[in-house]
Amino acid sequence: MKAWLAQWLGEWSETLLLGVQLLLILLAGYVLQRLVARGLSRLARRYQQLPAELLLPLRGALRWLIMGSALLLALEHLGVSAGVLWAAFSGFVAVAAVAFFAVWSVLSNLFCAVLIFTVGPFRLGDRVEVLEAADKPGAKGRVIAINLLYTTLEEDAEAGTAALVQIPNSLFFQKVVRRWRAAEHPTPIPTHNET
């Protein structure tokens, strides 16, 4: 039995040693971040000049820093180079930044649609004018549809045809808007749904 155990330990000794090292690194990181958090709490109680609003994010940032460093050290023991990790991380951040920038306009319009529905700066049937500047007229018409991305206005009919103007919802919160309630201009709302 002892011969089999010695042979097994000989075959797996490097793997077991590596596993024990990884566990010790992660355990040391956990213990260190707990000690730092406890030390910050003691400092806050002792000196009472460190506000709680600052203590919570500071404790969280230090926890992420310590545990992230322990994880990087563990990965370094596994043979993953820091340069490869940094390249992967920076590539991920770059892609995330581009994706966030690409959808920012859509997200802004969605959020502004929620504000239009809840706050109610105008309603269906109201006449609105989005002013470019105080002296320049902008888009003007009757609100005939509001959806998640844009609001559709029916411009005043000139020569018998009324043009439809679609304005992004975020523009209503970036520009000056004039509003006339539907009761002030009793014109029928069209029955067709413009989207």
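Along each chain, numbering runs from 1 in the same order as the chain's sequence is written. Whole-chain, interface and lining totals are the exception, using all residues; otherwise, since this is a predicted model, local features are given only for residues with pLDDT of at least 70 and side-chain atom pairs are given and counted only at 80 or more. Water and hydrogen atoms play no part in the side-chain values, which are based on all heavy atoms of the structure.

Caption draft 1: Quick peek at the side chain of R142. Looking at the secondary structure, you find R142 in strand β2 (residues 139–146). Think of a polar contact as two N or O atoms within 3.5 Å of one another; within protein, one of them needs to be a possible hydrogen donor and the other a possible acceptor, and neighboring residues in sequence only count if both atoms come from side chains. In terms of polar contacts, R142 uses its side chain to reach the side chain of E154, at 2.5 Å. The numbering of helices and of strands both runs from the N terminus, where a helix is a DSSP run of H or I of at least 4 residues and a strand a run of E of at least 2.

Caption draft 2: Focus on the pattern of salt bridges. Within this document, salt bridges are pairs made up of a side-chain nitrogen of Lys or Arg and a carboxyl oxygen of Asp or Glu, the two lying within 4 Å of each other. With the rule as written, the count across this model stands at four salt bridges. Here E132 ties to K175 by a salt bridge, and the two come within 3.5 Å at their closest N and O atoms. Linking E132 in the loop between β1 (127–131) and β2 with K175 in the loop between β4 (164–168) and β5 (176–180), this pair joins segments that are 43 residues apart in sequence. Exposure is judged per residue with a 1.4 Å probe applied to protein chains only, and the accessible area is read against the type maximum: over 50% gives exposed, under 20% gives buried, and values in between give partly exposed. Accessibility expressed as a relative area gives 46% for E132, which makes it partly exposed. The exposure class of K175 is partly exposed, given its relative accessible area of 29%.

Caption draft 3: Representation of the UniProt feature "transmembrane region" (unreviewed entry) in the protein in the model. Following the UniProt record, one finds the feature "transmembrane region" (unreviewed entry) at residues 16–37, 64–86 and 92–117. Segment residues 64–86 splits into 87% helix and 0% strand. End C-alpha atoms: 16 Å apart. With 100% helix and 0% strand, the stretch residues 92–117 has end C-alpha atoms that lie 36 Å from each other. UniProt positions are given in the numbering used here, feature names are shortened, and annotations may be inferred rather than shown by experiment.

Caption draft 4: Just the packing of aromatic side chains, in detail. For Phe, Tyr and Trp, rings pair up if their centres lie within 6.5 Å, where Trp contributes its six-membered ring, and each pair is then called stacked (planes under 30 degrees apart), edge-to-face (over 60) or tilted (otherwise). Across all of its chains, the model carries three aromatic pairs by this definition. Ring plane angle 40° and centroid distance 5.9 Å describe the contact between W86 and F89, whose orientation is recorded as tilted. Pair noted here: W86 and F89 are both in helix α3 (residues 82–119), with a separation of three residues, about one helical turn. What makes F89 partly exposed here is its relative accessible area of 47%.

Caption draft 5: Summary view of the pairing of β1. Among the five residues in β1, five count as buried, and that is most of the element. In β1, alternate side chains face the same way, and those of R127, E129 and L131 on one face and V128 and V130 on the other are all buried. Two elements, β1 and β5, share five bridges in a ladder whose sense is antiparallel. Opposite V130, over in β5, you have V177 as the bridge partner. Pairing between strands is defined by DSSP: at least two bridges between them are needed.

Caption draft 6: Highlighting a nonpolar patch on the surface. Among the surface-exposed residues, V20, L24, L27, Y30, V31 and L35 lie close enough to one another that they form a single nonpolar patch of about 580 Å² accessible area. Topologically, L24 is positioned in helix α1 (residues 2–47). Given the relative accessible area of 53%, L24 is considered exposed. Patches here: salt-bridge-free residues with over 30% relative accessible area, like charges joined within 9 Å, nonpolar side chains (Val, Leu, Ile, Met, Phe, Trp, Tyr) joined within 5 Å. All accessibility values rest on the Shrake-Rupley procedure with a 1.4 Å probe; residue burial counts only the protein chains present in the view.

Caption draft 7: Up close: the sheet that holds β5. Taken in spatial order, the five strands line up as β4-β3-β2-β1-β5 in an open sheet, and their pairing is antiparallel. At either margin of the open sheet sits one strand with a lone partner, and together these are β4 and β5. Ignoring which end each strand starts from, the neighbouring axes of this sheet average 40° apart. Pairing between β1 and β2: four bridges, direction antiparallel. In the strand pairing of β2, V130 is matched with A139. What counts as an axis is a line fitted to C-alpha atoms, over the stretch in contact for a helix, and the angles between N-to-C directions run from 0 to 180 degrees.

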